Each structure stands twice: as C-alpha cells, then as structure tokens.
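Structural characterization, general
Here are the chains, one letter per residue:
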Number of protein chains: 2
Amino acid sequence: MYEGPVQDLIDELGRLPGVGPKSAQRIAFHLLAAEPADISRLQEVLQKVKEGVVFCQVCGNVSEEQTCRICRDARRDPTVVCVVEEPKDVVAVEKTREFKGRYHVLGGALDPLSGIGPDQLRIRELLGRIGSDDIKEIILATDPNTEGEATATYLVRMLRDFPGLTVTRLASGLPMGGDLEFADELTLGRALSGRRTV
Amino acid sequence: MYEGPVQDLIDELGRLPGVGPKSAQRIAFHLLAAEPADISRLQEVLQKVKEGVVFCQVCGNVSEEQTCRICRDARRDPTVVCVVEEPKDVVAVEKTREFKGRYHVLGGALDPLSGIGPDQLRIRELLGRIGSDDIKEIILATDPNTEGEATATYLVRMLRDFPGLTVTRLASGLPMGGDLEFADELTLGRALSGRRTV
C-alpha cells in the first residue's frame, strides 16, 4: 500500500511475533519520525544478536561470557538446580527472589509432534552436571502444560537412578489473587490433591 | 534481567510504540532464533528509513520518487483533492476504491497544546496548489476527533475565499455493520442531523 522502503519496513516488522499489520504500520511511522541515532542503536543490537549471543556452557542460559553470572556467583547454592525450559523462565524465577540455587535451561520442552525429542534438549548436559557436581536437589520447573508435564515426567524417570538425589516439582494449585470460582477444573483439582495441613 | 546484548535488544524493542516488556522479550527471543538473513533484511530496511524516506513534493505522501505514484497517475482526477492528516489515511481512503482524485497530506492535525499550529502542517502548500492547479473540490478528510475537527474548521475558513472552490467534509454517522444501540450519543446525534431523504 505504501511506496518504497516504508512498505518494506512494515512488511519486515509484520513478520515479528505479535506484531500485526496495524502495529507494524504504527512502529514504521514512529521510526520514520525517529532520530537517526535511535535507529542506529536498534541496528547495532540487531547486529550483536546476529553475530551470535553466547550461552552459558554450564547452564545454557543467555550469557555475556562463557559462564553466566549466576553460575559464576559463589554465593549461589550449587547443590540445588532449578530446571527450566527457556531463559525467560530463569528471569521469572529470579523475580520471586525465593531461589538461591543454580539453573539448568533445557532450551524447550519435549514435543514429538514438532520433532523435539530428548536429544534436542540439554538433557545430556543436565545428567553430566549431576554426575560430576555435588547436586542434592533438582527442581523441575517446566511449564504446567502438556509439553512441560511430559518433559518433567521424562526427567523424573531419567533422574530416578541417581543415589541421594531429590527430585521435586513446582507446586500446582490456585494462583494467588484469583477467585476460586474462576479457577478451571484442572487447576482446582490439582489444588485439592496437593492440599497441605496448616 | 538478561545479560549482554539480549537485554539491550529487549530495551530497544521496548521503546517502540505498542511494544510492552513482554512483547519485547518475545520478539527478542524470536530474533535470537532467527536466520541471520532475516535480521539482515530488518537492518537493511532500517538503514533505508534512516537515510531518509522521500516525501512527494506535491502532496506530501511517502514516495519512492520526488512525485508519488498517485500524483503522477494521469488517470486520477486532478480537480478533486482529498486532504488527510497522515500517509496512513491515504491508504485508508485508497482501500475504499471509491476515490479517484488526488491527495494532500497535512502531516498531522492542529494541536496547540502539543505546539502544532498551522505553520507545522502543510497548509501553505495546500493553498499554493489551489492557487496554481485547477482544483474544483477539496474534501476535508481529517479525523473525526477534536484535533481533526479543529483542523477542518480552520481549513474551511482559509478556503472560503477561493472563487468556484467547493469544500466538503466526510460524512459523520453510524458506522456500517454496527448496532444502533451501541453507538455513542455524539455519533448518533451526527447521524440524526446528517439524515438524508431516500
């Protein structure tokens, strides 16, 4: 609909996830009116990402160096490892300020229909860490959906044979701040079966 | 929350209009997994936009050449000019396939609180076109909001003195496909006062 580079920009922006045609148009006209320095900054970070983001050799999280900040932090408990699907899950757990251990990022969840099996995830690396480091507890913090549950179940089976290793799973139940009547049956069922004495 | 270029990318994306922190994170991880060629294309269109998009010397629309496709098109009626605020309004009117005349893009609407007066809009250029070209009708197609209405009122006053020039305004009324009961009072009032014999 537009001539020249404006339409090209709208097309490229529209390819990004969650950016519809209207948003793409709005962003394009915002950039059209932006300072060249602002656009340059965006180009530069794209360049850095294109050149390759480093992933931590230990846990698989995005990192600035070969080993990430959390894995280098001696104050973090190396005996407890929280296993998550993606780097953004590390951020989510960190925000709780409840966890002082280390992480292991799988890089996804088991999803045979999309061709993601155990070999596509960083499961071998996890088993290696458990074998060499002094890990006492593995917290399975994969998503509470079909793929995440399947991944957790698979990992439980793989980790069963390590002597002295405790494997835990994040609690399922009612989200805080919610209404009981609006909870779906599955969540309410999990909350019931997971009830605790107080 | 993230280390290195990933956080920089999330920050830069979060500065774009309509992109919140969650969307920025999602787009960043999409780009992290994207092909280098895809990122290069995005960088290239940003470069072109940074180097400057050409605006049509006649109507002010975004253009590939000094004069835009519509202004160069001899089949388009040069005696009718539709005055809009932004290039995206040209696209909106073009989509109707109802209009065969030319356009004039003001570059915004009068908004004294934001420091946008008549001199910040391409009003002088519009008066120049009316003075030199053989224009018989000006259709005021500014937005039906406070700024757009103020701009239309201002233009009506400026265009009053041109002999033989008809000045029209887009009809206000009920949007098609809507329910009468859900129309706001202002829209319904406009629809009433603008009623036509059928």
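Below is a summary of the structure that appears in this document. Just so you know, these numbers come straight off a predicted model, no measurement behind them.

Moving on: the overall build of chain A. Along its length, chain A carries eight helices and six strands. Its C-alpha radius of gyration of 21 Å places chain A more than 25% over the 16 Å reference for a compact globule of 198 residues. The C-alpha extent of chain A, read off along each of the three principal axes, is 65 × 45 × 35 Å. When burial is assessed residue by residue, chain A has 42% of its 198 residues classed as buried. Here chain A displays about 11700 Å² of accessible surface, and carbon together with sulfur accounts for 52% of that area. Between the averaged position of the 25 positive side-chain charges in chain A and that of its 31 negative side-chain charges there is a distance of 5 Å.

Glancing now at the interface of chain A and chain B. How big an interface is tends to be reported as the loss of accessible area on association of its parts. With 50 residues of chain A at the contact, the number on the chain B side is 48 residues. Between chain A and chain B lies a buried interface of about 4700 Å² when both sides are counted; carbon and sulfur atoms form 72% of it. In this assembly, chain A and chain B are joined by six salt bridges. A salt bridge links Glu 12 of chain A to Arg 41 of chain B; the nearest nitrogen and oxygen atoms lie 2.7 Å apart. Inspection of the region where chain A meets chain B yields 13 residue pairs in polar contact (both at pLDDT 80 or more). Those elements that place two or more of their residues in the side of chain A that touches chain B are helix H1 (5-14), helix H2 (21-32), helix H3 (36-50), strand S2 (62-63), helix H4 (69-72) and helix H5 (87-96) of chain A. Among the elements that make up the side of chain A that touches chain B, the one with the highest residue count is H3 of chain A (13 residues).

Rules used in this analysis
Residues numbered from 1 in each chain as written. Chains lettered and ligands numbered in written order. Predicted model: local features only at pLDDT ≥ 70, side-chain atom pairs only at ≥ 80, totals over all residues. Heavy atoms only, no water. Helix = DSSP H or I, 4+ residues; strand = E, 2+ residues; numbered from the N terminus. Rg over C-alpha atoms; globule rule 2.2 N^0.38 Å. Buried < 20%, exposed > 50% of the residue type's maximum accessible area, 1.4 Å probe, protein only. Areas by Shrake-Rupley, 256 points an atom, 1.4 Å probe, with all protein chains shown as cover. Lys, Arg positive; Asp, Glu negative; His and termini not counted. Charge placed at Lys NZ, Arg CZ, Asp CG, Glu CD. Contact = heavy atoms within 4.5 Å. Buried area = accessible area lost by both parts, 1.4 Å probe. Salt bridge = Lys/Arg side-chain N within 4 Å of Asp/Glu carboxyl O. Polar contact = N/O pair within 3.5 Å; in protein donor to acceptor, adjacent residues only side chain to side chain.

No statement about biological role is implied by the geometric values presented.
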